[in-house]
Amino acid sequence: MRATRQTPPRRGSPVPAQSGSSVGRTFYRQPGICVTGEWFVVAGRRFAVRDLTELRTARGARDWLTGRVIAVTALTLAAVAVTVGYTRGLDEVSAGVYLAMLAAAFVPVAVAWLGDRLRPRAYELWGRHQGLLLLLFSTDDERQYGQVSRALMRAREISRLAGLSEPVTIEPWVPDQR
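From a predicted model like this one, the values you see are computed outputs, not experimental measurements.

**Regarding the pattern of salt bridges**
At step 1: Inspection of the entire model under this criterion finds three salt bridges.
At step 2: When the shortest N-O distance is used, the salt bridge between Arg50 and Glu38 registers 3.9 Å. With Arg50 in the loop between β4 (45-48) and β5 (52-59) and Glu38 in the loop between β2 (33-36) and β3 (39-42), this residue pair connects regions lying 12 residues apart in the sequence.
At step 3: For Arg50, a relative accessible area of 42% translates into the label partly exposed.
At step 4: Taking the relative accessible area as the measure of exposure, Glu38 reaches 7% and is therefore buried.
At step 5: Note that Arg56 is salt-bridged to Glu54, the shortest N-O span being 3.1 Å.
At step 6: By relative accessible area, which is 43% here, Glu54 ends up partly exposed.
At step 7: Within the structure, one salt-bridge network assembled from shared partners comprises Glu54, Arg56 and Arg128.

So this is what it looks like as C-alpha cells:
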C-alpha cells in the first residue's frame, strides 16, 4: 500500500481528518497555531513533525527595561554610599542614614520582582529542523505553552509510530500449566 502525504494546512483553513488514521488528527488549533499528526504550523511557518528533533524548552531573556532600571538603581545607591562615606566618614553617619541606605538597597529587588510580574519572561520551544536549531514557538502564556508543547509531543509520538493511535503490545504466549 502506498502512503500519501498530506499537504500542509493553509492559514485559516480546516485540517481534513483522515478516517482510521491518526496522522491527519488535529492535536491543537488556535489562531496562528496548528498541530496535527503531520504538521506543526505557527505564525505562518510550517514544519513537518517527523523532521523536528531535539525539542527543548527554555525561558526567554528578562525584559531589557527591568534590567536597566535595576542597574541604574544599584549604581545610584553605590554612588550615594560612597559619597556619604567620603564626606562624613562612616563612623559619623547617623543610624537614620544607614536605615535609608538599607531601604534603598531593596529598591532593585522590588523593581526586579515587579518587572517580572508586569513583563514575564517568554516560554520558548526550540528544536532542530533540517539540521538547524530554531526557535519554533514562543509565548508568555504558560498555559498555552504547555498545551502546544504537549500537542507537539503527542504528534511526534504518533509520527514515530507510523500513524498508529496506540502502541502495539505483544502478549507472550504461556501454555496452560494443568
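Next comes the rest of the account.
**Remarks on helix α3 (residues 142-160)**
At step 1: Over its 19 residues, α3 runs 27 Å from end to end, which matches the ideal 27 Å to within 8%, given 1.5 Å per residue.
At step 2: Burial in α3 covers these residues: Gln144, Tyr145, Gly146, Val148, Ser149, Ala151, Leu152, Ala155, Arg156 and Ile158.
At step 3: Elements that come into contact with the buried residues of α3 comprise β1 (26-30), β2, β3, β5, β6 (123-129) and β7 (132-139).
At step 4: Sitting at the amino-terminal end of α3 is Asp141, which places a side-chain oxygen 3.2 Å from the backbone nitrogen of Arg143.

**Digging into the confidence of the model for the protein chain**
At step 1: Averaged over the protein chain, the pLDDT score is 78; the fraction of residues at 70 or greater is 75%.
At step 2: The model gives residues 1-6 a pLDDT under 50, and that stretch makes 10 contacts with residues more than four places away or in other chains.
At step 3: A low-confidence stretch, residues 11-21 stays under pLDDT 50, and its non-local contacts, those more than four residues away or across chains, total 17 contacts.

**Some points on the packing of aromatic side chains**
At step 1: Tallied over the entire structure, the rule returns three aromatic pairs.
At step 2: Relative to Tyr145, the ring of Phe137 has its centre 6.4 Å away and its plane inclined at 10°; by these criteria the two rings are stacked.
At step 3: Relative accessible area serves as the criterion here: at 6%, Phe137 is assigned to the buried category.
At step 4: These aromatic residues form a ring-pair network of at least three members: Tyr123, Phe137 and Tyr145.

**Here we look at the pairing of β4**
At step 1: Bridge count between β3 and β4: four bridges; the pairing is antiparallel. Looking across to β4, one finds that Trp39 is bridged to Ala48.
At step 2: Linking β3 to β4, which pair antiparallel, is a turn of two residues; within it Ala43 sits at a positive phi near 50°.

**What about the sheet that holds β1?**
At step 1: Strand order in the open sheet made by the four strands is β1-β2-β3-β4, with antiparallel pairing throughout. Because the sheet does not close on itself, it has two edges, and the strands there are β1 and β4. Each adjacent strand pair in this sheet contributes to an overall mean axis angle of 10°, direction not counted.
At step 2: Bridge analysis of β1 against β2 gives four bridges, and the strand direction is antiparallel. The residue of β2 that forms the bridge with Arg29 is Cys34.
At step 3: Of the strands in this sheet, β1, β2 and β3 are in contact with α3, which crosses β1 at around 150°.

About the criteria used
- Residues numbered from 1 in each chain as written.
- Predicted model: local features only at pLDDT ≥ 70, side-chain atom pairs only at ≥ 80, totals over all residues.
- Heavy atoms only, no water.
- Salt bridge = Lys/Arg side-chain N within 4 Å of Asp/Glu carboxyl O.
- Helix = DSSP H or I, 4+ residues; strand = E, 2+ residues; numbered from the N terminus.
- Buried < 20%, exposed > 50% of the residue type's maximum accessible area, 1.4 Å probe, protein only.
- Expected span 1.5 Å × (residues − 1).
- Contact = heavy atoms within 4.5 Å.
- Polar contact = N/O pair within 3.5 Å; in protein donor to acceptor, adjacent residues only side chain to side chain.
- pLDDT = per-residue confidence, 0-100.
- Phe/Tyr/Trp six-rings, centres within 6.5 Å; stacked < 30°, edge-to-face > 60°.
- Pairing = 2+ DSSP bridges.
- Axes fitted to C-alpha atoms, helices over the stretch in contact; angles between N-to-C directions.

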